Amino acid sequence: MLNRMSASLLLKSVITVAAAAVVLMLGINAWGSWERLAMTRRISRVAEASGFAFTALHNLRVDRASTRRDLLADATIDPGEGKRLQGLTGAEMPALDALAAALGNIAFADSASLETSLQQSVKTVTGLHSEAWDALHRPKAERRADLAKQYWDEETALLETLDRISSALTDSIKHDDAYIDQLMELKELAWLVRNTAGDASLMISNSMTTGKMSPEVTQKFLGFDGGAEALWAAVLDAGRGADMPAQVKAAIDKAQQAYFGADYKATRARVLEALQAGQKPEMNATQWAPFTVSRLASLLGVAEASLDAAKAHAAAQHDAALLDLILQLGLLALAVAIFGAALLAVGRRVLQPLQAIRDAMLKVASGDLSAEVDFARRRDEIGALSGALATFKQNAVEKARIEEEQRGRRAQAEARQ
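About the thresholds
Residues numbered from 1 in each chain as written. Predicted model: local features only at pLDDT ≥ 70, side-chain atom pairs only at ≥ 80, totals over all residues. Heavy atoms only, no water. Core = buried A, V, L, I, M, F, W, Y, C linked by side-chain atoms within 4.5 Å. Buried < 20%, exposed > 50% of the residue type's maximum accessible area, 1.4 Å probe, protein only. Helix = DSSP H or I, 4+ residues; strand = E, 2+ residues; numbered from the N terminus. Contact = heavy atoms within 4.5 Å. Patch = residues over 30% accessible without salt bridge, like charges linked within 9 Å, V, L, I, M, F, W, Y side chains within 5 Å. Areas by Shrake-Rupley, 256 points an atom, 1.4 Å probe, with all protein chains shown as cover. Salt bridge = Lys/Arg side-chain N within 4 Å of Asp/Glu carboxyl O. Phe/Tyr/Trp six-rings, centres within 6.5 Å; stacked < 30°, edge-to-face > 60°. Lys NZ or Arg CZ within 6 Å of the ring centre and 35° of its normal. Axes fitted to C-alpha atoms, helices over the stretch in contact; angles between N-to-C directions. Parallel < 35°, antiparallel > 145°, perpendicular 65-115°, else oblique. Left-handed = near helix turned anticlockwise from the far one by under 90°. Nonpolar A, V, L, I, M, F, W, Y, C, P; charged D, E, K, R; others polar. Lys, Arg positive; Asp, Glu negative; His and termini not counted. Polar contact = N/O pair within 3.5 Å; in protein donor to acceptor, adjacent residues only side chain to side chain. Expected span 1.5 Å × (residues − 1).

Trainee: Explain the nonpolar core to me, please; I cannot follow it from the model alone.
Mentor: Soluble globular proteins: nonpolar side chains tend toward being buried together. Membership of the largest hydrophobic core comes to 73 residues, with the highest contact counts inside it found for L118, L162, I204, W232 and L299. Among the elements that line this core, the one with the most residues is helix α5 (residues 178–210), at 14 residues. In this structure L162 touches A56, L57, L60, L96, L99 and L118, once residues within four positions along its chain are discounted. In terms of nonpolar packing, the next biggest core, distinct from the first, is built from 13 residues, L71, L88, A135 and V293 among them.

Quick look at the structure:
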C-alpha cells in the first residue's frame, strides 16, 4: 500500500499523525486540569455553603430553646435577654439567606426538594420570629397558647432540613480529595459534639425552669454528656494528624479548655447537684444560657476551623489547577502552531520544489529545453537536485548542438556528392 502513496502524501501523513498524537496527549492533560479546576470550585462552594449552614444551625438551636423558655415564662422578656435573642436571629437569618443563594450554584442529591423545604421553613420561621418578639413583650395571658410549641416545632423542622442539606453537601464532594474528606469528617464530628453537648445543656436549662432535675432527666443528661465525651475523643483522634492545619489544632485546644476544662465542669457539677437536690442553683436559666452557649460555640469553632481549612486547601488546589490548565492550553496551542508551521514549511521548502523539479525534468526529457528551476543556490538536497537538473539540461543542450552540427555536415556532404 505504501508503494501506491506519493512521497508528498506519505510525508504529510507522518506529520499529521505525529501532530494528532501530541495534540491528543496535551488535550487529555488539559481536560484533566479542567476537571480538577471544576472539582476545586465545587469543593469551595460546598465549604462556603456548609459554613452558612453551621452558623444558622448553632444560632437556631440556641434561639429555639431560649425563645420557647421565654414564651412559657409568666413575665415579659428582660431587656438583656431580648438583646441576646435579637443577636441570635440577627446571625441566623442572614446565614439562611446566604445559604439559599449559595445552594443555587451547587449540584447535590435531592437539591430541588431540600431547597423548597428550606424556603418554606425560612418563610414560616420568619413570621414566627415577628409574632414571638411581639408576644414576649406582653403578659403570658395575652400570648397565643400554642405559640411556644409551634415555635419549637417549626425551628426543629428547619434544623432537620439544615442537617439534611449539610449531609448532602458533604456527600456531594466525598472522595474528590482525601485531605478535604479528612477535614469534612472532622467538621461533622465537631458538630455532633456541639449538638450532643447542646442537648445536655438543654436538660440543665429545662430543669432550672422547673426548679428540679428528676432522675429521668438526669439519666438523659448523663447519656448526652457521655455521648459528647465519646465524640470528642474521636475529634481528638482525628485532629492528631501531622498534616492537620494549625488553626484546627488551635480550635481543638480552645474547645478542650472551654467546654471540657475543669472550670466549666466544676460549675456544671455544682449546678447539677443543686438541681438534683431541689435547691436553687447559683445561676438561673437566663444566666445559664449565655454561660453555656459560649462554651458550645468553642465546639462549633472546631467545625468552622475545619471548614476554613478546607476552603483554603480548595483555593490552593484551584489556583494550581488553573495554572496547570493555562499551561496545558498554552502547550496545546503551541503544538498546533508548530505542526501547522511544519506542514507549511514542508510544503513550501520540500514538496513544491520537488514538484517543480519533477515537472522541469519531464519537460527536458520530452525535448523542451526551455524549462527553468532556480534552486541551485540552496545547500540542501533540493539544491543538489536542481544542480543535477541543470547538468542534465546542459548535457541535453550540448547533445542537441552536436546532433545539429552532424546533420549540417551530412547535408553539406550530400550536397557535394
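Once you've had a look at it, read on.
Trainee: Looking at this structure, how should I read a nonpolar patch on the surface?
Mentor: Taken together, L327, L331, L334 and I338 make up a surface patch of nonpolar side chains, about 360 Å² in accessible area. Its relative accessible area of 47% is what places I338 among the partly exposed residues.

Trainee: What's the story with the packing of aromatic side chains in this structure? I'm lost.
Mentor: Any pair of aromatic rings gets described here by the distance separating the centres and the angle formed by the planes. By the definition in use, this model includes 7 aromatic pairs. On the basis of an interplanar angle of 75° and a centroid distance of 5.0 Å, the ring pair of Y259 and F260 is categorised as edge-to-face. With a relative accessible area of 2%, Y259 lands in the buried category. Among the aromatic residues, ring-to-ring pairing joins W232, Y259, F260, Y264, W288 and F291 into one connected group. Looking at R68, its charged tip hangs above the ring of W152, at a distance of 5.2 Å from the centre.

Trainee: Please explain the packing of helix α3 (residues 111–136) against helix α4 (residues 147–172) as it appears in this structure.
Mentor: When two helices pack together, their arrangement is given by the angle between their axes and by how far apart the axes lie. One can describe the packing of α3 onto α4 by two numbers: an axis separation of 9 Å at closest approach and a directional angle of 150°. By the angle class used here, α3 and α4 are roughly antiparallel. Considering only the axes of α3 and α4, their crossing is left-handed. In contact with L114, S117, L118, S121, V122, T124, V125, L128, H129, E131, A132 and A135 of α3, α4 contributes L147, Q150, Y151, E154, E155, L158, T161, L162, R164, I165 and A168. Its residues placed into classes, the contact of α3 with α4 shows 13 nonpolar, 6 polar and 4 charged.

Trainee: Before we go on, may I ask you to explain the pattern of salt bridges in this structure?
Mentor: For side chains bearing opposite charge, pairing can occur when the charged atoms are close. Tallied over the full model, the rule gives 17 salt bridges. We note a salt bridge from R69 to E81, for which the minimum N-O separation is 3.6 Å. With R69 in helix α1 (residues 7–72) and E81 in helix α2 (residues 79–103), this pair connects stretches of sequence that are 12 residues apart. Across this residue pair, the class does not change: R69 and E81 are buried. One salt bridge in this structure joins E229 and K265, with 3.0 Å as the shortest N-O distance. Of this pair, E229 sits in helix α6 (residues 215–238) while K265 sits in helix α8 (residues 262–276), and the two are 36 residues apart along the sequence. Among the residues examined, K265 registers a relative accessible area of 31% and is labelled partly exposed. Residues joined by salt bridges that share partners form a network here, namely R69, E81 and R84.

Trainee: How should the side chain of E155 be read in this particular structure?
Mentor: Mapped onto the elements of the fold, E155 is located in helix α4. Although E155 is buried, it forms no salt bridge, and the closest oppositely charged side chain is R64 at an N-O distance of 5.8 Å. Side chain to side chain, E155 and H129 meet in a polar contact 3.0 Å long. Beyond its immediate chain neighbours, meaning those up to four positions away, E155 contacts L60, D63, R64, E92, V125 and H129.

Trainee: Before we go on, may I ask you to explain the packing of α5 against α8 in this structure?
Mentor: The contact between α5 and α8 brings their axes to 11 Å, and the two run at 40°. In terms of orientation, α5 and α8 fall into the oblique class. Crossing handedness for the pair α5 and α8: left-handed. Every residue of α8 that contacts α5 at S201, I204, S207 and M208 is listed here: Y264, R268, V271, L272 and L275. In terms of residue class, the contact of α5 with α8 is built from 6 nonpolar, 2 polar and 1 charged.

Trainee: What is the right way to read helix α10 (residues 381–416) from this model?
Mentor: Note on helix geometry: an α-helix contains 3.6 residues per turn, so any two residues three or four positions apart are oriented the same way. For α10, spanning 36 residues, the distance from its first C-alpha to its last is 52 Å, which sits close to the expected 52 Å at 1.5 Å a residue. Looking only at α10, the buried set comprises I382, G383, S386, L389 and K393. Taken together, the buried residues of α10 touch α9 (285–365).

Trainee: How should I be thinking about the environment of A53 in this particular structure?
Mentor: By the secondary structure assignment, A53 is in helix α1. A C-alpha to C-alpha distance of 9.5 Å links A53 and L159, two positions 106 residues apart in sequence.

Just geometry here; none of it tells us what the structure is for.
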